[in-house]
Structures are given as C-alpha cells and as structure tokens.
Amino acid sequence: GRLLYIDCFNVSAESIRTCLETLEQMPIESGRKKIAVLGGENALGSKKSFSINYELGLSLIKYDIDEYVIIGRKKDATESEKNWYGDSYALYKGIRRSIRNKPIMFFDDLEDAGEYLSKNSGKGDIILFKGIYRLCFWAAIDIAFATSLTIHNPYFKGKTI
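In this report, the structure presented in the accompanying data block is examined.

What counts and what doesn't
Every chain is numbered independently, its residues counted from 1 as its sequence is written. It should be noted that, the model being predicted, local features are given only for residues of pLDDT at least 70 and side-chain atom pairs only at 80 or more, the latter also being counted only at that level, while totals for whole chains, interfaces and linings use all residues. The basis for every side-chain value is the complete set of non-hydrogen atoms in the structure, without hydrogens or water. The classification of residues rests on relative accessible area computed with a 1.4 Å probe and restricted to protein chains. Under 20% of the type maximum is buried, over 50% is exposed, and intermediate values are partly exposed. Secondary structure elements are defined from DSSP: runs of H or I of at least 4 residues count as helices, runs of E of at least 2 residues count as strands, and each element is numbered from the N terminus. Only strands that DSSP links by at least two bridges are regarded as paired with each other. Comment: axis = line fitted to C-alpha atoms, over the contacting stretch for helices; angle = value between 0 and 180 degrees taken between N-to-C directions. Contacts are assigned to residue pairs with any non-hydrogen atoms lying within 4.5 Å of each other. The aromatic pairing rule takes the rings of Phe, Tyr and Trp, using the six-membered ring of Trp, and pairs them if the centres are within 6.5 Å, calling planes under 30 degrees apart stacked, those over 60 edge-to-face and the rest tilted. To sit over a ring, a charge needs its Lys NZ or Arg CZ within 6 Å of the ring centre and within 35 degrees of the ring normal. Every case where a carboxyl oxygen of Asp or Glu lies within 4 Å of a side-chain nitrogen of Lys or Arg is listed as a salt bridge.

## What to know about helix H6 (residues 137-145)
Next, step 1: Counting buried residues in H6 gives eight out of nine residues, a clear majority hidden from the surface.
Next, step 2: Ala146 sits one or two residues past H6 and shows a positive phi near 55°.

This is the structure in structure tokens:
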C-alpha cells in the first residue's frame, strides 16, 4: 500500500534535490507521509566530502518532506569509505542542524533501516530511496516490504554497509 520511488544507481547533490522536488509534487492523501531515504554524495575527495554533504543537508529545509531516513557508513568511516559510499553522516548532521520539527533518523545497518521503515510507514505513504548502488538500499527495501529486489539486482554482491 506504499508507493516506492527508487533511484539507487548514482547520486549527486543535484540529483538528490531533483528527486526531492519530484517527491514534493507527487499527490498524497491527507494524513499520509512523504519519506526521503537518502545516502550522501560520493567521489568528492577528502577535502570536500564533509562540507558538500553537510551543506546539502542544511539546504533540505526548503523541501516539504515529512521525514528523512539517512543510510550510510558510521560517523567514524574512513576517508576511503566516504569516497566510495558517500558521506551520509555529514548529510545527516546538516539535516539535523537545519530541520528540528520532523523525524530524522540515521542508520548504518540495512536491517535496522528496513525494520524502521516497515514499522514507521503505512498505506498511502510515498517513500523515496536515493543513494549510490554500493549502499545496497534494495536490501532495506526487501526487509521492510517483503520484496525480492536483492535476488534480482545485478549490482548486489552480498555486500552490506
């Protein structure tokens, strides 16, 4: 009973904004939620990764989204991991700083994220999944909604974040 908007191949600050603009424009019944599940931008290099993702998080206050769920490596991820997977924790920190009146969650475990989405979303909600394919968001989708994206996804190689 949920509508899933899945864009999990590549990610950039601009593509996140574009997806959020699209999500904002999607019609939804009164009392239902628009949830954005995001991962941070990757391949930025160690000097820019934190600041670009953090600034992106700060800018998300302008979107009419009911809840944010951020998935990525732990806050103590190495620079190499941030470059490969994206600096989701910096994105989370920026969102937490700018948005104070909406639920904002951070998960570094796909099972926990899936269980959260299963319990905290309902019929009629629209959920955006936007992140780099290396984060394996489809595993969290499978856990949350009993789909079989993991089995049919050619990019999944048994890796988890």
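Having seen the model, we can carry on.
## A few points about the sheet that holds strand S1 (residues 3-7)
Next, step 1: One open sheet holds the five strands; their spatial order is S1-S5-S2-S3-S4, and the pairing between them is parallel. Each edge of the open sheet is held by one strand with a lone partner, namely S1 and strand S4 (104-107). Neighbour-to-neighbour, the strand axes of the sheet open up by a mean angle of 15°, direction not taken into account.
Next, step 2: Inspection of the sheet shows strand S2 (residues 34-38) paired to strand S3 (residues 67-71) by four bridges, in the parallel sense. Bridge pairing in S3 places Ala36 opposite Tyr68.
Next, step 3: Where helix H5 (residues 110-120) meets the sheet, its contacts fall on S2, S3, S4 and strand S5 (126-130), and the angle it forms with S3 comes to roughly 165°.

## What to know about the packing of aromatic side chains
Next, step 1: For the structure shown, the criterion picks out six aromatic pairs.
Next, step 2: Summarising the aromatic geometry, the rings of Tyr89 and Phe106 are spaced 5.2 Å apart at their centres and angled 85° between planes, so their arrangement reads as edge-to-face. Taken together, the residues span a long stretch of sequence, with Tyr89 in helix H4 (residues 88-98) and Phe106 in strand S4 at a distance of 17 residues.
Next, step 3: Ring pairing ties together the aromatic residues Tyr89, Tyr92 and Phe106, which thus form one cluster.
Next, step 4: Cation over ring: Arg134 sits above Trp84, and NZ or CZ is 3.5 Å from the ring centre.

## Section: the pattern of salt bridges
Next, step 1: Going through the model one piece at a time under the given rule, you end up with six salt bridges.
Next, step 2: Between Arg32 and Asp125 there is a salt bridge, with the nearest N and O atoms lying 3.1 Å from each other. Note that Arg32 is positioned in the loop between helix H1 (13-25) and S2 and Asp125 in the loop between H5 and S5, a separation of 93 residues in sequence.
Next, step 3: Among the ionic pairs, Arg73 bridges to Glu81, the shortest N-O distance being 2.3 Å.
Next, step 4: Residue classification places Arg73 among the buried residues on the basis of a relative accessible area of 18%.
Next, step 5: On the basis of relative accessible area, Glu81 is assigned to the partly exposed category, the value being 22%.

Keep in mind these numbers describe shape, not what the thing actually does.
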